[in-house]
Amino acid sequence: MVSMTVDLAGARLPNPLMTASGCAANGRELHRFFDVADLGAFVTKSVMLGARSGRGTPRMAETPSGMLNSIGLQGPGIDAFVDDDLAWLASVGARSLVSIAGSDSEEFAEVARRLRDSSSFGSVAGVEVNISCPNVANRGLVFACDPGSSSAVVSLVRSQLPAEVPIFAKLSPDVTDLVTIASACLEAGADGLTMVNTLLGMSIDIDTMRPHLGGVTGGLSGPAIRPVAVRAIWQVRSAMLTGRLPVAPIIGVGGVRTGHDALELVAAGASAVQVGTSTFNDPTAPVRVLRELEQLLEDKGIVAFTDVVGAAHPS
Amino acid sequence: MTSRPGSGVATVRAELVASRVVGAYQHLTLLAPEVADLARPGQFVALAVGGPTSATLLRRCFSIHRVTPDAREGGSGSGTVELVVADAGPGSRWLTQVPVQGEVDLIGPLGKPFPLPTEAVGCVLVGGGYGSAPLFWLAELLRERGCGVEIVLGAASRDRLFGAPQTSDDERASHGVTVTTDDGSQGVKGWVSDVLPEVMARADAQVVYACGPMAMLRSVSELAAAHGAVAQVAVEEAMACGVGVCMTCVMPVRSSDGTTKMVRSCVEGPTFRGDRVRWDAFVDGHAVVPADAVGAPVAAGGGGH
């Protein structure tokens, strides 16, 4: 038996597999296919302060081994989320990694405050700070593209939450220097990093000769972006190993479809793995990947999952 | 793949037991007793395409044409699910080319079925193209309840009709079916909306069921309202997952409290009451977010999208 338990900056989880934000709704839908409490953590769809309708349609374009989406952070708002979705996740015993978003740093902080004050906060294993969603109005000014903006959001969120609840900054790979952004987030109080969010992409309908998506551009996800995620995790983990960054856990996400894919991210330096777009193909993918990863480690004679985190780096 | 007991949905590797060309479409019969036992008209299934390592990740969703429940065969595991597939792109083309005895990964039944009237009332069923697929099964259930049923089938041309009489013998046997084609290659030349008022009057319709393109569903909903009938429409929205997690298949629908929300057609539909759908928000078959929708974008500076 391989020990699959992990400690993510104080969040102790029975295993490292998670859903990815925006790819699993808020739990009930996937609970028809597997017990969401079997995951290390359930990552919720990013929640903002008020209700949001999201964008018009089409919101999706299939691409080779992936898809583009322009959902636009549709959601019920934090108050309805904590009363309904978070309470339900707690009721079935799931550990939640709650993804939060905001149009400015004050909105992020207010969402974090209302989450903290909610009656189901005890089920929250951590908070993921989505500073990298490409489907927002100020997409040219995504927080995670600027160290100053990233730092401002992270420090305000950190100030609203108890120290024992870790926060993870979710980063975009669409930046010139990922290590600089990671550094700004960790110095501002992030306990860990989630890498990577979708890449900004676009598709054109050649029948109409117009952009295919209602939102014109969208986020590219799926196995097509896995090499980007592996690279990003590798770069940031390398910076930690060489002392350029404080050592902090990385949650890997991007194109994981199998246990093999998950192990690639882990070997690059991820201490946990999220399964996103592959869930659209196979609703059981997060727990299937967990089983496959466990088997793969057993086959390799590994006794503890944590032994392979960052294993691809020179020792 | 599995699903949890009592979840109302099954995930199966279904064997394709028959596949035949019907006009412009492929009619597939899949062995899926778990799905057949649960399904009702108006529901759909989500199929994976291209095999387990396919680069085409997103599921293809098709309404269920009919089922033969396992129970009718004494629980022998022979329940089947029938689908009508149009070759509209690489994914559906792959489905049309699966060989008999091949396997297809299938999740279903999904979505809400057509609500059935509690009393024996007149019903008109309207199908556009292969959108007519679920209507014949629905017609059987309605007739079993004592409802009068008239069917209207429309398409651009004869080959794109599904379920229409093909021979003069069929025509004589198919009392209650009215056909329209845009090019006049079969039935009345024109649209279903051209014949619907007369059919509704003849059937004394209280409920009009429809499945097909958005523009047709809008027109059916408006004509039904003018006749004083309730329209129940099944939409054909693009879905990436079919199970309610991707948020791509939304459309603006008015709730009973009067507020408009962008709701998922896969879990809150695909059947909706026609007068609840915000048809005014559709342009070329795509939905914009109505300004009065809950959480709609607001002007710059207000935290819009």
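Before reading on, note that the structure itself is shown above.
Describing the overall build of chain A
Okay, so step 1: A count of helices and strands for chain A gives nine helices and 16 strands.
Okay, so step 2: Relative to its length of 315 residues, chain A is compact, with a C-alpha radius of gyration of 18 Å against a globular reference of 20 Å.
Okay, so step 3: In chain A, which comprises 315 residues, the proportion classed as buried is 65%.
Okay, so step 4: For chain A, the proportion of contacts with a sequence separation of at least 24, taken over those separated by at least 6, is 72%.
Okay, so step 5: Accessible surface computed for chain A: about 10,700 Å², of which carbon and sulfur atoms make up 54%.
Okay, so step 6: Side chains of chain A give 23 positive and 31 negative charges; the mean places of these two sets differ by 3 Å.

Structural notes on the overall build of chain B
Okay, so step 1: Helix and strand counts for chain B come out as six helices and 17 strands.
Okay, so step 2: Counting across all 305 residues of chain B, residues that qualify as buried make up 55%.
Okay, so step 3: Sequence-distant contacts, at least 24 apart, represent 63% of the contacts inside chain B between residues at least 6 apart.
Okay, so step 4: With an accessible surface of roughly 12,600 Å², chain B has 50% of that area assigned to carbon and sulfur atoms.
Okay, so step 5: Here chain B holds 24 positive side-chain charges and 31 negative ones, and the gap between their average locations is 4 Å.

Describing the nonpolar core
The nonpolar side chains of soluble globular proteins are, as a tendency, buried together.
Okay, so step 1: Formed by 87 residues in total, the largest nonpolar core has its most connected members in Leu115(A), Ile131(A) and Leu171(A).
Okay, so step 2: Not counting the four nearest positions on each side in its chain, Ile131(A) is found in contact with Phe108(A), Val142(A), Phe143(A), Ala144(A), Ser150(A), Val153(A), Ala169(A), Lys170(A), Leu171(A) and Cys185(A).
Okay, so step 3: Listed in part, the 33 residues of the second largest apolar core include Ala94(A), Phe44(B), Leu57(B) and Cys241(B).

Looking at empty space enclosed by the protein
Space left empty within the atom packing is revealed by a probe, the size of a water molecule, rolled over the atoms.
All names here are of chain A.
Okay, so step 1: Taken as a whole and assessed by the stated rule, the structure comprises three cavities of 30 Å³ or more.
Okay, so step 2: Volume-wise, the largest cavity comes out at about 420 Å³.
Okay, so step 3: Around the largest cavity, the lining comprises 31 residues; the ones closest to its centre are Ser 21, Cys 23, Asn 69, Asn 197 and Thr 198.
Okay, so step 4: When the residues that make up the lining of the largest cavity are grouped by side-chain class, the tally is twelve nonpolar, 17 polar and two charged.

Focus: unusual backbone geometry
Okay, so step 1: Note that the residue after Gly108(B), namely Pro109(B), is joined by a cis bond; omega there is -5°.
Okay, so step 2: Relative to the helices and strands, Pro109(B) is located in strand β6 (residues 103-110).
Okay, so step 3: Although it is not a glycine, Ala9(A) adopts a positive phi angle of roughly 50°.
Okay, so step 4: If you check the backbone angles, Leu73(A) has positive phi at about 50° while not being a glycine.
Okay, so step 5: Structurally, Leu73(A) can be placed in the loop between β6 (66-69) and α2 (78-91).
Okay, so step 6: Of the residues examined, Leu73(A) reaches a relative accessible area of 8% and is grouped as buried.

Overview of the packing of helix α5 (residues 192-203) of chain B against helix α6 (residues 214-227) of chain B
Residues and elements named next belong to chain B.
Okay, so step 1: α6 packs onto α5 with a crossing angle of 30° between their chain directions and a minimal axis gap of 10 Å. As far as their axial angle goes, α6 and α5 are roughly parallel. Classified by chirality, the crossing of α6 by α5 is right-handed. Along the contact surface, α5 presents Val 192, Ser 193, Leu 196, Pro 197, Met 200 and Ala 201, while α6 presents Met 216, Ser 219, Val 220, Leu 223, Ala 224 and His 227.

Comments concerning the interface of chain B and chain A
Okay, so step 1: Listed as interface residues are 43 residues of chain B and, on the opposing side, 43 residues of chain A.
Okay, so step 2: Around 3,500 Å² of area is buried between chain B and chain A when both sides are counted, 58% of it from carbon and sulfur atoms.
Okay, so step 3: Here chain B and chain A share two salt bridges between them.
Okay, so step 4: Counting across the chain B and chain A interface gives 17 residue pairs in polar contact (both at pLDDT 80 or more).
Okay, so step 5: When its residues are assigned to classes, the side of chain B that touches chain A shows 25 nonpolar, 14 polar and four charged.

A few points about the pattern of salt bridges
Okay, so step 1: Considering all chains together, one arrives at 25 salt bridges over all chains under this definition.
Okay, so step 2: Its salt-bridge partner being Glu264(A), residue Arg226(A) comes within 3.2 Å of it at the nearest N-O pair. With Arg226(A) in helix α6 (residues 226-241) and Glu264(A) in helix α7 (residues 259-268), the pair connects residues that are 38 residues apart, well separated along the chain.
Okay, so step 3: By relative accessible area, which is 33% here, Glu264(A) ends up partly exposed.
Okay, so step 4: Between Arg93(B) and Asp87(B) there is a salt bridge, with the nearest N and O atoms lying 3.1 Å from each other.
Okay, so step 5: Residue class for Arg93(B) comes out partly exposed when judged on its relative accessible area of 37%.
Okay, so step 6: Put simply, Asp79(A), Glu110(A), Arg113(A), Arg114(A), Arg116(A) and Asp117(A) are held in one network by salt bridges that share partners.

Details of the sheet that holds strand β5 (residues 80-86) of chain B
Residues and elements named next belong to chain B.
Okay, so step 1: On the basis of which strands lie adjacent, the closed barrel formed by six strands has the order β1-β2-β5-β4-β3-β6 and antiparallel pairing. Across the sheet, the mean angle from the axis of one strand to that of its neighbour is 45°, orientation sign disregarded.
Okay, so step 2: When strand β1 (residues 10-22) meets strand β2 (residues 25-31), the two strands line up antiparallel, connected through seven bridges. Note on β2: the bridge partner recorded for Val 22 is Tyr 25.

Section: the pairing of β1(B)
All names here are of chain B.
Okay, so step 1: Pairing between β1 and β6: six bridges, direction antiparallel. Paired with Val 12 across the strands is Leu 106, a residue of β6.
Okay, so step 2: The hairpin formed by β1 and β2 contains two residues between the paired strands, and Gly 23 there has a positive phi angle of roughly 60°.

Details of the layout of surface pockets
Okay, so step 1: Empty space within the second largest pocket amounts to approximately 930 Å³.
Okay, so step 2: Along the wall of the second largest pocket there are 32 residues; nearest its centre are Lys261(B), Met262(B), Val263(B), Arg264(B) and Glu268(B).
Okay, so step 3: Only α1 (28-31) and α2 of chain A together with β13 (250-254), β14 (260-264) and β15 (271-273) of chain B provide two or more residues apiece to the lining of the second largest pocket.
Okay, so step 4: Broken down by element, the lining of the second largest pocket gets its largest block of residues, four residues, from β14(B).
Okay, so step 5: Looking at the lining of the second largest pocket, its residues break down into twelve nonpolar, seven polar and 13 charged.

Cut-offs and rules
The numbering scheme is per chain: residues are counted from 1 as the chain's sequence reads. Written order determines the labels here, with chains lettered from A and ligands numbered from 1. Under the rules for a predicted model, residues below a pLDDT of 70 receive no local features and side-chain atom pairs below 80 are neither given nor counted, while totals for whole chains, interfaces and linings still include all residues. The basis for every side-chain value is the complete set of heavy atoms in the structure, and neither hydrogens nor water enter the calculation. Secondary structure is summarised from DSSP: a helix means a run of H or I of at least four residues, a strand means a run of E of at least two, and numbering begins at the N terminus for each. Radius of gyration means the value over C-alpha atoms here, while the globule rule gives 2.2 Å times the residue count to the 0.38 power. Throughout, exposure labels follow a simple rule: accessible area from a 1.4 Å probe, protein chains only, divided by the maximum for the residue type, with under 20% read as buried, over 50% as exposed, and the rest as partly exposed. In this analysis, two residues are considered to be in contact whenever any of their non-hydrogen atoms come within 4.5 Å of each other. Areas reported here follow the Shrake-Rupley algorithm with a probe of radius 1.4 Å; residue values treat only the protein chains shown as occluding. Only four residue types enter the charge count, namely Lys and Arg as positive and Asp and Glu as negative; His and the chain termini do not. Just so you know, the charge point we use is NZ for Lys, CZ for Arg, CG for Asp and CD for Glu. Here, nonpolar core refers to any group of buried Ala, Val, Leu, Ile, Met, Phe, Trp, Tyr and Cys residues whose side-chain atoms link them within 4.5 Å. Cavities and pockets are found on a 1 Å grid laid over the protein atoms alone: a cavity is a set of points where a 1.4 Å probe fits but cannot escape, a pocket is an open set with protein on both sides within 12 Å along at least five of seven lines, and a lining residue has an atom within 4 Å of such a point. Grid points are joined across faces, edges and corners, and a volume is the space filled by probe spheres set on the points. When residues are sorted by character, Ala, Val, Leu, Ile, Met, Phe, Trp, Tyr, Cys and Pro go into the nonpolar class, Asp, Glu, Lys and Arg into the charged class, and all the rest, Gly among them, into the polar class. For helices, the fitted axis covers only the stretch in contact; all axes are lines through C-alpha atoms, and the angles between them, taken along N-to-C directions, range from 0 to 180 degrees. Angle categories: roughly parallel below 35 degrees, roughly antiparallel above 145, roughly perpendicular from 65 to 115, and oblique for all the rest. Here a crossing is taken to be left-handed if its near helix is turned anticlockwise relative to the far helix by less than a right angle, and right-handed if that turn runs clockwise. Using a 1.4 Å probe, buried area is obtained as the accessible area two parts lose upon being combined, added over both of them. By salt bridge we mean one thing: a side-chain nitrogen of Lys or Arg within 4 Å of a carboxyl oxygen of Asp or Glu. Polar contact is defined as a pair of N or O atoms within 3.5 Å, subject to the rule that within protein one atom must be able to donate a hydrogen and the other to accept it, and that residues adjacent in sequence are counted only when both atoms are side-chain atoms. Pairs of strands are assigned from DSSP output, requiring at least two bridges between the strands.

The values reported here are purely geometric and, on their own, carry no functional implication.
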